Amino acid sequence: MGLELYLDLLSQPCRSIYIFARSNNIPFEFKHVELFKDSVLGKKPAAGSGAEQPRAGPSNSEGAGKVSLLKKVPALKDGDFTLAECTAILLYLSRKYNTPDHWYPSDIQQRARVDEYLSWHHANIRASAPKTMWIKVLIPLFTGQPLPSEKLQEVMEGLSTSLKQFEERFLQDKAFIIGSEISLADLVAIVELMQPVGVGCDVFEDRPRLREWRRRVEDAVGKELFFQAHEMILNIKELSNIQIDPQLKEQLAPVLMKMLK
């Protein structure tokens, strides 16, 4: 029984795992989970196996629920062993497949720098960047009306503060967060920052240092792989054409609004 990865590439953590596994030639079976359609829209997932390439087709949401006790993606199944949470999965893959040292360095201080960023990330960039998608696409989709522009401005101001800290504290004048080579820290950071890009909030546009860092990350993992992984998020506005059941709108709109408070 081979390695199975349950992923929805609309999810930032899922994209980091997908890019890491593909760029390191880790063999896995791609189990495509459509969380938005299956969990939010309430569609029953069809039976069928995933494919290594991300594509439209049968969803594996039911399988992901069985693999992960937390009932969310990303989820990993390796024989009888199952694992949830992005960082845990990335570290498991790096250790099991003995990936190049630069991803999670053996040097204790460089490794600590990766750990430092991953710890900081959740309360800073990850606390703001995903909200741009909810404000510009998902909440209007469910409520039928746009949010006040002040709400997006508030989120972007918080994200701007985090990006300033990211550049000054973590990136500095280095090519990557820990030096001259890409690490898990860079990968986790870049997928998060592509979320606002997908909804028209280009955080790289007026930040040349950040823009050059993004270019180096793309080159390090391969541009074709990078944009393949981000194809769905870069076309996120297509979700606005989905017809949602009025009852689901009524149930979920208040929940979504609370996420931004």
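Residues numbered from 1 in each chain as written. Predicted model: local features only at pLDDT ≥ 70, side-chain atom pairs only at ≥ 80, totals over all residues. Heavy atoms only, no water.

1. With respect to the nonpolar core
- Residues Tyr117, Phe166, Leu193, Phe204 and Trp213 are the most contacted members of the largest nonpolar core, which totals 60 residues.
- Per-domain counts for this core show at least three residues from each of domain 1 (3-43 + 60-99) and domain 2 (105-260).
- Contact partners of Leu193, with chain neighbours within four places excluded, come to Ile125, Leu159, Leu163, Val203, Phe204, Leu210 and Trp213.
- Within the second largest apolar cluster, 13 residues are counted, among which are Met133, Val155, Val199 and Ile233. (Core = buried A, V, L, I, M, F, W, Y, C linked by side-chain atoms within 4.5 Å. Buried < 20%, exposed > 50% of the residue type's maximum accessible area, 1.4 Å probe, protein only. Domains from an automatic or database assignment. Contact = heavy atoms within 4.5 Å.)

2. So, the state of the cysteines
- Counting across every chain of the model gives zero disulfides.
- Of the cysteine sulfurs around Cys14, a residue in no disulfide, the closest is that of Cys86, at 8.0 Å.
- Residue classification places Cys14 among the buried positions, given a relative accessible area of 0%. (Disulfide = S-S within 2.5 Å.)

3. Side note on the pairing of strand 1 (residues 3-7)
- With respect to burial, strand 1 is a largely interior element, five of its five residues being buried.
- Pairing between strand 1 and strand 3 (residues 75-78): four bridges, direction antiparallel. The residue of strand 3 that forms the bridge with Leu5 is Leu76.
- Of the strand pairs in this sheet, strand 1 and strand 2 (residues 29-32) are connected by four bridges, and their pairing is parallel. The partner of Tyr6 across the bridge, within strand 2, is Lys31. (Helix = DSSP H or I, 4+ residues; strand = E, 2+ residues; numbered from the N terminus. Pairing = 2+ DSSP bridges.)

4. Quick word on the packing of aromatic side chains
- Overall, the coordinates contain ten aromatic pairs when judged by the stated rule.
- On the numbers, 5.7 Å between centres and 70 degrees between planes, the contact of Tyr117 with Phe166 is edge-to-face. Separated by 49 residues along the polypeptide, Tyr117 in helix 5 (residues 108-123) and Phe166 in helix 8 (residues 149-171) bring together distant segments of the chain.
- On the accessibility criterion, Tyr117 (0% relative accessible area) is buried.
- Note on Tyr117 and Phe170: the rings are 5.2 Å apart at their centroids and 90 degrees apart in plane angle, and the pair reads as edge-to-face. One end of the pair, Tyr117, is in helix 5; the other, Phe170, is in helix 8, and 53 residues separate them in sequence. As far as the burial class goes, Tyr117 and Phe170 line up, both buried.
- Above the plane of the ring of Phe204 lies Arg214, whose end atom (NZ or CZ) is 5.0 Å from the centre. (Phe/Tyr/Trp six-rings, centres within 6.5 Å; stacked < 30°, edge-to-face > 60°. Lys NZ or Arg CZ within 6 Å of the ring centre and 35° of its normal.)

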